[in-house]
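A look at the structure
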Amino acid sequence: MLPTLALLLGLPLALAAEPPTCTPLVAVTLDNATIPRLLGQWVFISGAYQYPPHQEEMKTLKYAVFSFFAGTHEDELNVTETMRVNDTCVTRTTSKIHIFWHNSTLVHAEDQVLSMAELIQSDKDLLILKHITSDFVGLSLSARTPNVSKEHLEEFKAHLHCLGFTDDEIFVASEKDACPVPGEKMDQGDGEPQQE
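An account of the accompanying structure is given in this report. The model shown is predicted, which means the values in this text are computed figures rather than measured ones.

Next up on the list: unusual backbone geometry. At Asn86, a residue that is not glycine, the phi angle is positive and equals roughly 55°. Its place among the elements puts Asn86 in the loop between β3 (76-85) and β4 (88-100). Not every positive phi belongs to a glycine, and Ser104 is a case in point at roughly 50°. As for its position among the elements, Ser104 is in the loop between β4 and β5 (105-110).

Sheet analysis places β3 next to β4, joined by 9 bridges and oriented antiparallel. Each residue of the ladder has a partner; that of Asn78, found in β4, is Lys96. The antiparallel hairpin formed by β4 and β5 contains 4 residues in its connecting segment, where Ser104 sits at a positive phi of about 50°.

Glancing now at helix α4 (residues 150-162). Between its first and last C-alpha, α4 extends 18 Å over 13 residues, near the 18 Å set by a 1.5 Å rise per residue. Within the span of α4, buried status applies to Leu153, Phe156, His159 and Leu160. For α4, the angular spread of buried residues about the axis comes to 115°, placing them on one side. For α4, the exposed residues set more than 90 degrees away from the buried face come down to Lys150 and Glu151. Each element contacted by the buried residues of α4 is listed here: β1 (40-49), β7 (126-133) and β8 (136-143).

Moving on, we get to a negative patch on the surface. A cluster of acidic residues, Glu154, Asp167, Asp168 and Glu169, forms a negative patch on the protein surface. Following the sequence through the fold, Asp168 ends up in the loop between α4 and β9 (171-172). The class for Asp168 is exposed, based on a relative accessible area of 79%.

This part is about the state of the cysteines. Throughout the structure, instances matching the rule amount to 2 disulfides. Here Cys22 engages in a disulfide with Cys162; their sulfurs sit 2.0 Å apart. Across the S-S bond linking Cys22 and Cys162, the dihedral sits near -95°, which makes this disulfide left-handed. Here Cys162 lies in helix α4 and Cys22 lies in the loop between α1 (2-16) and α2 (35-38), a separation of 140 residues in the sequence. The class for Cys22 is partly exposed, based on a relative accessible area of 42%. Between Cys89 and Cys179 runs a disulfide, and the two sulfur atoms are separated by 2.2 Å. Disulfide Cys89-Cys179: the torsion about the S-S bond is -95°, which places it as left-handed. With Cys89 in strand β4 and Cys179 in the loop between β9 and β10 (194-195), the pair connects residues that are 90 residues apart, well separated along the chain.

One pass over the structure, following the stated rule, counts 5 salt bridges. In this structure, Lys124 engages Asp125 in a salt bridge whose closest nitrogen and oxygen atoms are separated by 3.3 Å. Lys124 sits in the exposed class, given a relative accessible area of 57%. Note on Asp125: relative accessible area 33%, which makes it partly exposed. Where Asp177 meets Lys176, a salt bridge forms, and the shortest distance between an N and an O atom there is 3.7 Å. You can call Asp177 buried: its relative accessible area is 18%. What makes Lys176 exposed here is its relative accessible area of 71%.

This paragraph deals with the environment of Ala143. Counting through the fold element by element, Ala143 comes out in strand β8. Residue class for Ala143 comes out buried when judged on its relative accessible area of 2%. Not counting residues up to four positions away in its chain, the partners in contact with Ala143 are Trp42, Val43, Ile45, Asp125, Leu126 and Val148.

Parameters at a glance
Residues numbered from 1 in each chain as written. Predicted model: local features only at pLDDT ≥ 70, side-chain atom pairs only at ≥ 80, totals over all residues. Heavy atoms only, no water. Helix = DSSP H or I, 4+ residues; strand = E, 2+ residues; numbered from the N terminus. Pairing = 2+ DSSP bridges. Expected span 1.5 Å × (residues − 1). Buried < 20%, exposed > 50% of the residue type's maximum accessible area, 1.4 Å probe, protein only. Arc of directions from axis to C-beta. Contact = heavy atoms within 4.5 Å. Patch = residues over 30% accessible without salt bridge, like charges linked within 9 Å, V, L, I, M, F, W, Y side chains within 5 Å. Areas by Shrake-Rupley, 256 points an atom, 1.4 Å probe, with all protein chains shown as cover. Salt bridge = Lys/Arg side-chain N within 4 Å of Asp/Glu carboxyl O. Lys, Arg positive; Asp, Glu negative; His and termini not counted. Charge placed at Lys NZ, Arg CZ, Asp CG, Glu CD. Disulfide = S-S within 2.5 Å.

Structural data, given as structure tokens:
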């Protein structure tokens with residue numbers, strides 16, 4: 001009787017400790033219909049990364065907005081990024097994303113570091129990228145606006161937990177740290193955006 005009682009009392013605890021059901025991340029096949037959907041402005045919402053340099057970047061990044069524009073070649077996107085790094089707003093206009101059609105990956109090359117990403121199937125107003133750098137994985141969520149539904153944010157965090165990230169490793173951007181668009185009037189205390 002005692003073993004049965006112990007089993008019955010322990011069962012709810014064992015069930016509660018069960019890991020969440022992990023829905024597989026489904027990569028999108030990049031084609032001529034997919035790429036136009038990526039063009040335009042995106043607001044970085046959240047992310048987590050195993051790659052140590054990206055983890056360090058997240059410690060200083062407060063907010064980021066980026067835009068994809070058609071490049072001079074069909075396998076290239078130009079990127080403009082405006083971000084707050086610590087207390088300074090920085091705008092970069094020299095980044096490029098290369099599209100590798102044969103394996104549906106996007107590659108960003110910067111400072112001799114290649115960052116590869118797969119576009120993950122999601123809502124049309126969300127941009128979920130699975131980042132693969134060396135043997136390290138990361139996942140980022142961006143959106144067309146700085147406001148994402150609680151449901152979408154919770155679903156994204158569940159994906160991060162399934163990849164082994166803890167809440168402490170998840171970065172969430174803050175709209176209060178947004179940088180003004182270059183040329184906009186700025187509040188007192190904001191630094192003038194710097195071009196890189």
